[in-house]
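Chain and residue survey
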Amino acid sequence: MTPYTIALFLHVTGALGLFVAIGLEWISLPRLRRAASVEQARTWLGVLGSLRPSGASSALMLLVTGIYMMITTWRGAAWAGIGLLALVLIAALGAALNGRRVRAIGRALPAEPGPLPQALVQQLRDPVLVFSARLRAALALGVVFIMCTKPELAGSLTAMGAALAIGLVAGLPAFPARTAALGTE
């Protein structure tokens with residue numbers, strides 16, 4: 001057992017944690033969007049809220065171990081640097097797009113049980129929530145691809161560009177008015 005193998009184990013563990021968080025987000029968001037009562041919304045907001053610490057700790061574990069392995073083993077490898085940059089982008093998108101919206105929904109949730117106010121229903125159905133989750137999942141899969149294949153700079157950029165395009169296309173249906181106007185519904 002070497003420091004590298006321990007770092008690699010922790011890195012893979014961080015990746016598993018990140019994908020568990022993404023999966024739970026994918027399960028929770030549609031249910032939150034369909035919530036009709038304060039109680040239902042509170043349940044799914046609770047699940048989403050629990051993802052913040054676990055997702056953040058997984059991302060931090062990925063970053064720390066990724067930087068360590070980059071410095072000690074993968075010096076100058078384009079795929080490693082691009083993978084780390086993509087991870088930072090995934091975390092930033094999650095915090096900026098979904099984190100703020102979910103916290104705002106939580107603050108706006110009435111204390112009393114009952115039906116949801118219409119303004120809150122609109123917040124729950126914000127298409128950015130789904131769009132962001134789909135985009136981040138595609139980017140995360142792109143990172144796994146470049147970590148497995150270890151391409152040079154051009155291949156790494158192409159793979160992450162493809163992951164970005166797939167995420168954008170997968171996220172478009174979250175915007176029903178826009179996709180209906182494009183004739184894709």
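Scroll up a little and you will see the structure.
Parameters at a glance
- Along each chain, residues carry numbers from 1 onward, in the same order as the chain's sequence is written.
- Reporting of local features is limited, given that this is a predicted model, to residues whose pLDDT is at least 70; pairs of side-chain atoms are given and counted only at 80 or more, and all residues count toward the totals for whole chains, interfaces and linings.
- Computation of side-chain values: all heavy atoms of the structure, hydrogens and water removed.
- Secondary structure elements are taken from DSSP: a helix is a run of H or I of four residues or more, a strand is a run of E of two residues or more, and numbering for both begins at the N terminus.
- Three exposure classes are used, based on accessible area relative to the maximum for each residue type with a 1.4 Å probe and protein chains only: buried under 20%, partly exposed in between, and exposed over 50%.
- Contacts were defined at the residue level, with two residues in contact if any of their heavy atoms lie within 4.5 Å.
- Each accessible area is a Shrake-Rupley result for a 1.4 Å probe, and residues are judged covered by the shown protein chains and nothing else.
- Positive charges are assigned to Lys and Arg, negative charges to Asp and Glu, while His and the chain termini are left out of the count.
- Here the site of a charge means NZ on Lys, CZ on Arg, CG on Asp, or CD on Glu.
- By nonpolar core we mean a set of buried residues, namely Ala, Val, Leu, Ile, Met, Phe, Trp, Tyr and Cys, connected to one another through side-chain atoms within 4.5 Å.
- The rule is short: rings of Phe, Tyr and Trp, with Trp giving its six-membered ring, pair when the centres are within 6.5 Å, and they are stacked under 30 degrees, edge-to-face over 60, tilted in between.
- One less than the number of residues in a helix, times 1.5 Å, gives the span that helix is expected to have.
- Note on bend: at a given residue it equals the angle between the axes fitted to the 7 residues ending there and to the 7 starting there.
- A side-chain nitrogen of Lys or Arg and a carboxyl oxygen of Asp or Glu constitute a salt bridge if their distance falls within 4 Å.

1. Focus on the overall build of the protein chain
- From N to C terminus, the protein chain includes seven helices and zero strands.
- What you see in the protein chain, going N to C, is helices and strands ordered as α-α-α-α-α-α-α.
- For the protein chain, the C-alpha atoms occupy an extent of roughly 55 × 40 × 20 Å along the three principal directions.
- Taking all 185 residues of the protein chain together, the buried fraction comes to 39%.
- In the protein chain, once contacts between residues fewer than 6 apart in sequence are set aside, the share between residues at least 24 apart is 76%.
- Total accessible area on the protein chain stands at roughly 10000 Å², and carbon and sulfur atoms take up 73% of it.
- Counting 15 positive and 6 negative side-chain charges, the protein chain places the averaged centre of each group 4 Å from the other.

2. Topic: the nonpolar core
- Residues Leu18, Ile22, Trp79, Leu135, Leu139, Ile146 and Met160 are the most contacted members of the largest nonpolar core, which totals 22 residues.
- Elements that contribute at least two residues to this core include exactly helix 1 (3-33), helix 3 (78-108), helix 5 (127-149) and helix 6 (153-171).
- Tallying contributions element by element places helix 5 first for this core, with eight residues.
- Residues within four places of Ile22 in sequence aside, it is in contact with Arg136, Ala137 and Ala140.
- Counting 18 residues, the second largest nonpolar core, distinct from the first, contains Ala41, Ile105, Leu120 and Val121.

3. Comments concerning the packing of aromatic side chains
- Inspection of every chain in the model, using the stated rule, returns two aromatic pairs.
- With a centroid separation of 5.1 Å and 70 degrees between ring planes, the pair formed by Trp74 and Trp79 is classed as edge-to-face.
- Given the relative accessible area of 9%, Trp79 is considered buried.
- Considering the side-chain rings of Phe131 and Phe175, the 5.5 Å spacing of their centres and the 65 degrees angle between planes classify their relative orientation as edge-to-face. Of this pair, Phe131 sits in helix 5 while Phe175 sits in the loop between helix 6 and helix 7 (176-182); the two residues are 44 residues apart in sequence, bridging distant segments of the chain.
- Judged by its relative accessible area of 15%, Phe131 is buried.
- With a relative accessible area of 21%, Phe175 lands in the partly exposed category.

4. A look at helix 2 (residues 38-72)
- In this model helix 2 runs 51 Å from its N-terminal to its C-terminal C-alpha over 35 residues, within 8% of the 51 Å that 1.5 Å per residue would give.
- Largest kink in helix 2: about 30 degrees, centred on Arg52, with the proline Pro53 one to four residues after it.
- Along helix 2, the positions that sit buried rather than exposed are Val38, Ala41, Leu45, Leu48, Leu51, Gly55, Ser58, Ala59, Leu62, Thr65, Gly66 and Met69.
- On the buried face of helix 2, the contacting elements are helix 1, helix 3 and helix 4 (118-124).

5. Description of the pattern of salt bridges
- Within the structure shown, the criterion is met by two salt bridges.
- Close ionic contact of Glu25 with Arg136 constitutes a salt bridge, the shortest N to O distance being 2.7 Å. Linking Glu25 in helix 1 with Arg136 in helix 5, this pair joins segments that are 111 residues apart in sequence.
- For Arg136, a relative accessible area of 7% translates into the label buried.
- In this structure, Asp126 and Arg101 form a salt bridge, with 2.6 Å as the shortest nitrogen-oxygen distance. Here Asp126 is found in the loop between helix 4 and helix 5, whereas its partner Arg101 is found in helix 3, with 25 residues between them in sequence.
- For Arg101, a relative accessible area of 24% gives the class partly exposed.

6. Re unusual backbone geometry
- Backbone geometry places Lys150, a non-glycine residue, at a positive phi of 50 degrees.
- Mapping Lys150 onto the fold places it in the loop between helix 5 and helix 6.

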